[in-house]
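Each chain, written out:
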Amino acid sequence: MNESHITPFISAVRKIFDVAFQMNVETVDTLASVSRAGPPDVIASVELTGDFSATLELGFPLPTAQRLVSLFSGLHAHEQTPDDVTDALGEIANMVAGNAKPHLGRLDVRSTPPDVRFDDQPAFARPEDGRIVRCISDCGEFTLRLIPPSPRPTITTRTLVEALPQ
Amino acid sequence: MKILLVEDSRTMRNIQRGILAQMGHNDVEEAADGLDALSRIADLKPDLLIVDWNMPNMDGLTLVRRLRATGNRVPIIMVTTEADKARVVQAIKAGVDNYVVKPFTPDVLNQRIQETLERAHAA
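Thresholds, definitions, all that
Residues numbered from 1 in each chain as written. Chains lettered and ligands numbered in written order. Predicted model: local features only at pLDDT ≥ 70, side-chain atom pairs only at ≥ 80, totals over all residues. Heavy atoms only, no water. Core = buried A, V, L, I, M, F, W, Y, C linked by side-chain atoms within 4.5 Å. Buried < 20%, exposed > 50% of the residue type's maximum accessible area, 1.4 Å probe, protein only. Helix = DSSP H or I, 4+ residues; strand = E, 2+ residues; numbered from the N terminus. Contact = heavy atoms within 4.5 Å. Pairing = 2+ DSSP bridges. Buried area = accessible area lost by both parts, 1.4 Å probe. Salt bridge = Lys/Arg side-chain N within 4 Å of Asp/Glu carboxyl O. Polar contact = N/O pair within 3.5 Å; in protein donor to acceptor, adjacent residues only side chain to side chain. Nonpolar A, V, L, I, M, F, W, Y, C, P; charged D, E, K, R; others polar.

A. Representation of the nonpolar core. Grouped together as the largest cluster of nonpolar side chains are 56 residues, with contacts concentrated most on Phe9(A), Phe17(A), Leu58(A), Leu89(A) and Leu144(A). If one sorts the elements of this core by residue count, helix H4 (residues 82–100) of chain A sits on top with nine residues. Among all residues touching Leu89(A), those that are not within four sequence positions of it are Val42(A), Ala44(A), Phe60(A), Ala65(A), Val69(A) and Val116(A). Judged by nonpolar contacts, the second largest core, of 22 residues, contains Ile41(B), Leu44(B), Met55(B) and Val74(B).

B. The pairing of strand S4 (residues 76–80) of chain B, seen in detail. Residue and element names in this part refer to chain B. With five of five residues buried, S4 lies mostly within the body of the structure. Because side chains alternate across S4, one face comprises the buried residues Ile 76, Met 78 and Thr 80, and the other comprises Ile 77 and Val 79, equally buried. As judged from the three bridges shared by strand S3 (residues 48–51) and S4, these two strands associate in the parallel manner. Residue pairing across strands places Ile 50 opposite Ile 77, the latter belonging to S4.

C. Quick peek at the interface of chain B and chain A. The partner chain A presents 21 residues to the 17 residues of chain B that form the contact. Together chain B and chain A conceal approximately 1,500 Å² of surface at their shared face, both sides included; 49% is due to carbon and sulfur atoms. Run the count over chain B and chain A and you get four salt bridges. Counting across the interface, chain B meets chain A through eight residue pairs in polar contact (both at pLDDT 80 or more). Here the side of chain B that touches chain A gets four residues from one element, more than from any other, and that element is helix H1 (residues 10–22) of chain B. Across the side of chain B that touches chain A, the residue classes break down as six nonpolar, four polar and seven charged.

Structural data, given as structure tokens:
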């Protein structure tokens with residue numbers, strides 16, 4: 001994964017907000033750390049596998065998430081259940097991934113069903129990995145992040161031997 | 001005309017149902033995945049299927065293949081986030097009659113439905 005791989009995802013976010021919500025999205029900054037964006041309350045993610053491996057994460061403050069769900073589902077914020085938020089944000093993440101995939105080059109890329117989680121903890125476990133793009137819309141700000149796969153630990157004979165009980 | 005919506009997202013089912021209602025299609029049944037659709041299709045006898053690709057239990061492509069393998073020729077529109085041309089070709093080869101990439105405008109879905117039904121009637 002290189003820096004340019006995030007570009008199709010930024011374009012996909014803009015397209016989806018334009019077509020589905022008739023809304024412009026500005027991507028004004030690429031953040032070096034989580035703190036500037038603030039930890040999201042809700043994260044919708046899709047894992048990409050195959051010739052390109054990464055996890056797409058869209059992170060929303062709750063008010064932004066609720067406004068988007070209202071636009072998408074027609075439900076007012078007070079009518080929304082966690083299932084409604086999960087369903088709608090998952091579909092948005094799915095659309096972003098699906099629309100970005102053809103623009104990743106001539107790659108065979110598969111995506112998993114979306115996962116949506118509500119986090120009390122700062123959401124990004126590895127803030128040093130991946131780029132975080134701040135997205136500004138009429139519904140509020142949210143973040144787009146592409147996380148590279150975790151490097152697999154190298155297990156050598158020596159470390160295995162050291163791990164064995166003496 | 002009876003339409004069967006096969007889509008795991010309740011939000012998307014509601015959106016599509018709303019668009020179909022605007023088009024005058026009120027006889028709309030829903031299934032949450034391919035397996036659900038397959039178990040009910042013989043009883044429902046829909047005139048048109050609108051099918052998502054990525055669904056739990058049984059995906060849309062498998063549903064289409066299963067239906068075509070049994071000789072069922074009901075017109076099928078795949079409505080999916082899979083925008084890759086290779087995926088479109090894969091779906092058409094499996095027996096899909098038309099294809100819509102999410103997100104879509106009501107006009108696009110309307111147009112695809114009309115095209116699909118016209119082709120089915122002409123065949």
